[in-house]
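Residue strings, one per chain:
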Amino acid sequence: MSAARRMPVGVMISGRGSNLQALLDACARPDYPARVVLVVSNRPAAQGLARAAAAGVPTQVIDDRDYASRETFDAAVTEAFEAAGIELICMAGFLRLLTEGFVERWRDRLINIHPAILPAFKGLDTHARALATGAKLHGCTVHYVRFDMDTGPIVGQAAVPVLPDDDEARLAARVLAAEHRLYPRCLQLIAEGRVRIAGDAAIVAGATPDAAAALINPSDS
Ligand code: GRF
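Small disclaimer: the values here were computed from a predicted structure and weren't measured.

Cut-off values and rules
- Residues numbered from 1 in each chain as written.
- Predicted model: local features only at pLDDT ≥ 70, side-chain atom pairs only at ≥ 80, totals over all residues.
- Heavy atoms only, no water.
- Helix = DSSP H or I, 4+ residues; strand = E, 2+ residues; numbered from the N terminus.
- Rg over C-alpha atoms; globule rule 2.2 N^0.38 Å.
- Buried < 20%, exposed > 50% of the residue type's maximum accessible area, 1.4 Å probe, protein only.
- Contact = heavy atoms within 4.5 Å.
- Areas by Shrake-Rupley, 256 points an atom, 1.4 Å probe, with all protein chains shown as cover.
- Lys, Arg positive; Asp, Glu negative; His and termini not counted.
- Charge placed at Lys NZ, Arg CZ, Asp CG, Glu CD.
- Near = heavy atom within 4 Å.
- Polar contact = N/O pair within 3.5 Å; in protein donor to acceptor, adjacent residues only side chain to side chain.
- Nonpolar A, V, L, I, M, F, W, Y, C, P; charged D, E, K, R; others polar.
- Domains from an automatic or database assignment.
- Buried area = accessible area lost by both parts, 1.4 Å probe.
- Salt bridge = Lys/Arg side-chain N within 4 Å of Asp/Glu carboxyl O.

A. Representation of the overall build of the protein in the model. Looking only at helices and strands, one finds six helices and nine strands in the protein. Relative to the 2.2 N^0.38 estimate, which gives 17 Å for 221 residues, the radius of gyration of the protein is 17 Å and therefore close to what a compact globule would have. Expressed as a percentage of the 221 residues in the protein, the buried residues total 46%. The long-range fraction of contacts in the protein, counting pairs at least 24 apart against all pairs at least 6 apart in sequence, stands at 62%. Accessible surface computed for the protein: about 10900 Å², of which carbon and sulfur atoms make up 54%. Across the protein, 23 positive and 25 negative side-chain charges occur, with their mean positions spaced 4 Å apart.

B. Molecular detail of the site of the ligand. Around the ligand, the structure places Arg-16, Gly-17, Ser-18, Asn-19, Gly-93, Ile-113, His-114, Pro-115 and Glu-179. Within the backbone of Gly-17, a nitrogen or oxygen atom sits 2.8 Å from an oxygen atom of the ligand. Here an oxygen atom of the ligand sits 2.5 Å away from a polar atom, N or O, in the side chain of Ser-18. Elements with a minimum of two residues in the shell around the ligand: α1 (18-27) and β5 (110-114). Within the shell around the ligand, the residues separate by chemical class into two nonpolar, five polar and two charged. Each of domain 1 (1-106) and domain 2 (114-208) gives at least three residues to the shell around the ligand.

C. Spatial organisation of the domain arrangement of the protein. Domains assigned within the protein are domain 1 (1-106) and domain 2 (114-208). Each of domain 1 and domain 2 has a C-alpha centre, and the two are 20 Å apart. Each partner contributes to the interface: domain 1 provides 21 residues, whereas domain 2 provides 14 residues. Between domain 1 and domain 2, a total of about 1600 Å² is buried, with carbon and sulfur atoms accounting for 74% of that surface. Our count for the contact surface shared by domain 1 and domain 2 stands at zero salt bridges. Taken together, the elements giving at least two residues each to the side of domain 1 that touches domain 2 come down to β1 (7-13), α1, β4 (88-91) and α4 (100-105). Considering every element that reaches the side of domain 1 that touches domain 2, the biggest residue donor is α1, with five residues. Split by residue class, the side of domain 1 that touches domain 2 holds 15 nonpolar, three polar and three charged.

What follows is the structure in structure tokens.
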């Protein structure tokens, strides 16, 4: 695919930006079908801003504390992405609820990564809750965004085992490593036009895993 045909994407962050970094790293590959053209942060101190700058990607801080309402903040974000000509928004650790108007404006062009296997553990503190319930598998989900929090057509998921001596930090690190593999993979599939939304589901063409593969915990061997 020529560089000119790469899907222009925007990324929304609030903090560390390690998923942004994974997307930037993928976009640096000559054969990758998307490119990050603008990173928007609602926090001026977000570490991800430096990651974008280091990759030569323009950034814009749209500090929600400067806006009187959610509506005016969301409108500023839309304006920034429209001006940049983006076709898809990737939320990557963006820690602010969006208005229904924004979600509808970008319907089927707005994706998010959530640190749990949805529909389990919607919301915050997913790793602590997975540990508290004794879940044996945990992971992450890339999904299209709908107004109800942590719902929407699922593009891809990754599972990791929960190990007996895990604490929140160890489990979070294992999930995060999976996030960094999953998010670029899902963006690639979307940018290649291989993801179709049908009702509440996202149908992915030609990306079949080994049907016999199972991650079993406790192991059966
Ligand atoms: C990730 O765990 C992501 O799943 C969640 O927020 C965290 C962001 O981390 N939505 P980072 O900023 O990408 O490092």
